[in-house]
Each structure stands twice: as C-alpha cells, then as structure tokens.
Amino acid sequence: MERTIRVTGKGKISVKPDTIRLLIELEGSAKDYDETMHMSTKQTEIVKDCFEKLEFQRSDVKTMSFNVDTDYESYQAKDKSRKRRFVGYKYRHTMKIEFPADNVTLGKVLHSLTHCEAHPEFRIVYTVKNMEAARTLLLKQAVTDSKNKAKILSEAAEVKLGDIISIDYSWEKRDVASAPVGRFIEIMALKDDTFDDCTVDIEPEDIDVSDTVTVVWKII
C-alpha cells in the first residue's frame, strides 16, 4: 500500500477595493398587470435618465433580478375570521451599476439618486474588478503553505516527501466585496432639494480573501 500524507494549505490575502458596485432596487404595485409593467418600465427609465445625465451609458445599468407577483391583503371577515383578498400586482426590479472607486463620482451619483423621481432604494458595495490576479496569488500561497506544512510533518515523522499524487481544489464563485456604508445613504436621503454638496469622503478597508488547497504527497 502506497504511503501518503495529505495536507491542506491556506492562502490569505488582502486586496484593495478598486470598484464601486451600486445596487439599486425599485418596487411598486398596481391593480392591473399591464399597469404594473408600465410603472416598472417608466421607473427604470427614470433611473437610467439619472445616470445618463452623469455621462454613463444607459446599458451600464444592468438588471440582476426582476419579478412580478400577485399582491394580497389580509382582512377580517364578518365571522371574525382572517381572510385574504386580491389587490393587484407588485413588481421588484433589482439593478446594478459598477464604476471605478472614486469619491467624486460617487458623490455625484448619490446626489442624483437621492433626488431621483423614481425614489429607488440603493446601497454601496466595494469590490475588485480583476479578481483573477488575486486568485492566482491566493492559489500560490495555499500551495506553498501546504508544502511547508508537509515538510514539517515529514521531518517530524522522519520520512521524505515524494511526488505529488493529487491536488484537490475547488474555487467557489464568491463575491469579493465589502459594504462599509450604512446610515450615510439615509442621511443624504433626508436632505432637502437645496442640498448641493456632492462631497463624499469614504476610504474602504482592504478586503480579506482566503481559500484552501489540499495536496496529497507520496512519502518515502
């Protein structure tokens, strides 16, 4: 039976966010389905108008999810029982737009959205545009960590490392992101229409990313 040693190495890096991902959500309801769809289209176009005025392309605003569902309300019947009745349709449209992390641009975008006629809900997420470079470095660190641990274990066991038999790695598609902004958006939304200060001073922390690689070595 071939003797082996199985060691899991871990890689961990910190990456500086370079991209802002703005998540925008619109929702509304109407009694008629066609009216609900018309409302959704109109509100979406208003949001895109806001970005177009800031010299973004309308196509930069991407749909993440769109849903139309029936809407019911609860009421008390004459016999005191609780029942539900149909009141119409409701929609929810979640969109995103990404742009380089720049406080000047962010300030203009936030100012525009807080004064947008569609009154969208939104939140700011910081992320990394080129995750492939970070992933490569992460893998190298994990394999190196595995090798170092294997050397320590083999020396302690008075054996020698042979060839690598297998490497087990499964990169899960994960969102490398952080959302450091909380009530700042709510505060801006409370500003009246005379608010013209687009200054934003946000410095997000680096994002910690980690992953593991399991390597099986032959020992001799």
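Just above, that's the structure.
Residues numbered from 1 in each chain as written. Predicted model: local features only at pLDDT ≥ 70, side-chain atom pairs only at ≥ 80, totals over all residues. Heavy atoms only, no water.

I keep staring at helix 1 (residues 33-53) and nothing clicks. Help me out?
Side chains of residues three or four places apart in an α-helix project in the same direction, reflecting 3.6 residues per turn. The end-to-end C-alpha distance of helix 1 is 31 Å, a good match for the 30 Å that 21 residues give at a rise of 1.5 Å each. What helix 1 keeps buried is the set T36, S40, Q43, T44, I46, V47, K48, C50 and F51. In this fold, the buried residues of helix 1 make contact with strand 2 (19-30), strand 3 (62-76), strand 4 (82-100) and helix 2 (103-114). If you check the start of helix 1, you find a side-chain oxygen 3.0 Å away from the backbone N of D34, and it comes from D32. Residue E55 follows helix 1 closely and has a positive phi angle near 75°. (Helix = DSSP H or I, 4+ residues; strand = E, 2+ residues; numbered from the N terminus. Expected span 1.5 Å × (residues − 1). Buried < 20%, exposed > 50% of the residue type's maximum accessible area, 1.4 Å probe, protein only. Contact = heavy atoms within 4.5 Å. Polar contact = N/O pair within 3.5 Å; in protein donor to acceptor, adjacent residues only side chain to side chain.)

Is there a simple way to think about the nonpolar core in this case?
What tends to happen in soluble globular proteins is that the nonpolar side chains get buried as a cluster. With 25 residues, the main nonpolar core has L22, I24, F51, I97 and L106 as its most contacted residues. Secondary structure elements with two or more residues in this core: strand 2, helix 1, strand 4, helix 2 and strand 5 (121-127). Apart from the residues within four sequence positions on either side, I97 is in contact with I20, R21, L22, I24, F51, F56, D60 and V61. (Core = buried A, V, L, I, M, F, W, Y, C linked by side-chain atoms within 4.5 Å.)

Whenever I open this one, the sheet that holds strand 3 confuses me. Can you help?
Sheets are built from strands that pair by backbone hydrogen bonding, the pairs being arranged parallel or antiparallel. One open sheet accounts for five strands, arranged 3-4-2-5-7; its pairing is antiparallel. For this open sheet the edge positions go to strand 3 and strand 7 (177-178), each flanked by a neighbour on one side alone. Bridge count between strand 3 and strand 4: 14 bridges; the pairing is antiparallel. In the strand pairing of strand 4, D69 is matched with K90. Sitting on the sheet, helix 2 is in contact with strand 2, strand 4 and strand 5, with an inclination near 165° to strand 5. (Pairing = 2+ DSSP bridges. Axes fitted to C-alpha atoms, helices over the stretch in contact; angles between N-to-C directions.)

Looking at this model, I keep getting lost on the environment of E45. Mind explaining?
One can find E45 in helix 1. You can call E45 partly exposed: its relative accessible area is 32%. In the structure, E45 is positioned 13 residues away from R58 in sequence and 8.8 Å away in space, judged by C-alpha atoms.

Help me out: how do you make sense of the packing of aromatic side chains in this one?
When we look at a pair of aromatic rings, we describe it by the centre distance and by the angle of the planes. Per the stated rule, a full pass over the model turns up five aromatic pairs. Aromatic side chains Y33 and Y89 sit 5.5 Å apart centroid to centroid with 80° between the ring planes, which places their arrangement in the edge-to-face category. Of this pair, Y33 sits in helix 1 while Y89 sits in strand 4, and the two are 56 residues apart along the sequence. Y33 gets classed as partly exposed once you look at its relative accessible area, which sits at 39%. Ring geometry for F51 and F56: centres 5.6 Å apart, planes at 85°, overall edge-to-face. Taken together, the ring pairs in this structure connect Y33, Y72, F86 and Y89 into an aromatic cluster. The lysine or arginine in question, R84, covers the ring of Y72, its NZ or CZ lying 4.4 Å from the ring centre. (Phe/Tyr/Trp six-rings, centres within 6.5 Å; stacked < 30°, edge-to-face > 60°. Lys NZ or Arg CZ within 6 Å of the ring centre and 35° of its normal.)

Just to check I follow, could you spell out the pattern of salt bridges for this structure?
A side chain with one charge can pair with a side chain of the opposite charge if their charged atoms come near. Considering all chains together, one arrives at 12 salt bridges under this definition. Notably, a salt bridge pairs E203 with K16, separated by 3.1 Å at the nearest N-O pair. Taken together, the residues E203 in the loop between helix 4 (184-189) and strand 8 (207-219) and K16 in the loop between strand 1 (4-15) and strand 2 connect sequence positions 187 residues apart. Here E203 falls in the exposed class, since its relative accessible area comes to 61%. For K16, a relative accessible area of 51% gives the class exposed. Residues K96 and E98 are paired through a salt bridge, measuring 4.0 Å at the closest nitrogen-oxygen approach. (Salt bridge = Lys/Arg side-chain N within 4 Å of Asp/Glu carboxyl O.)

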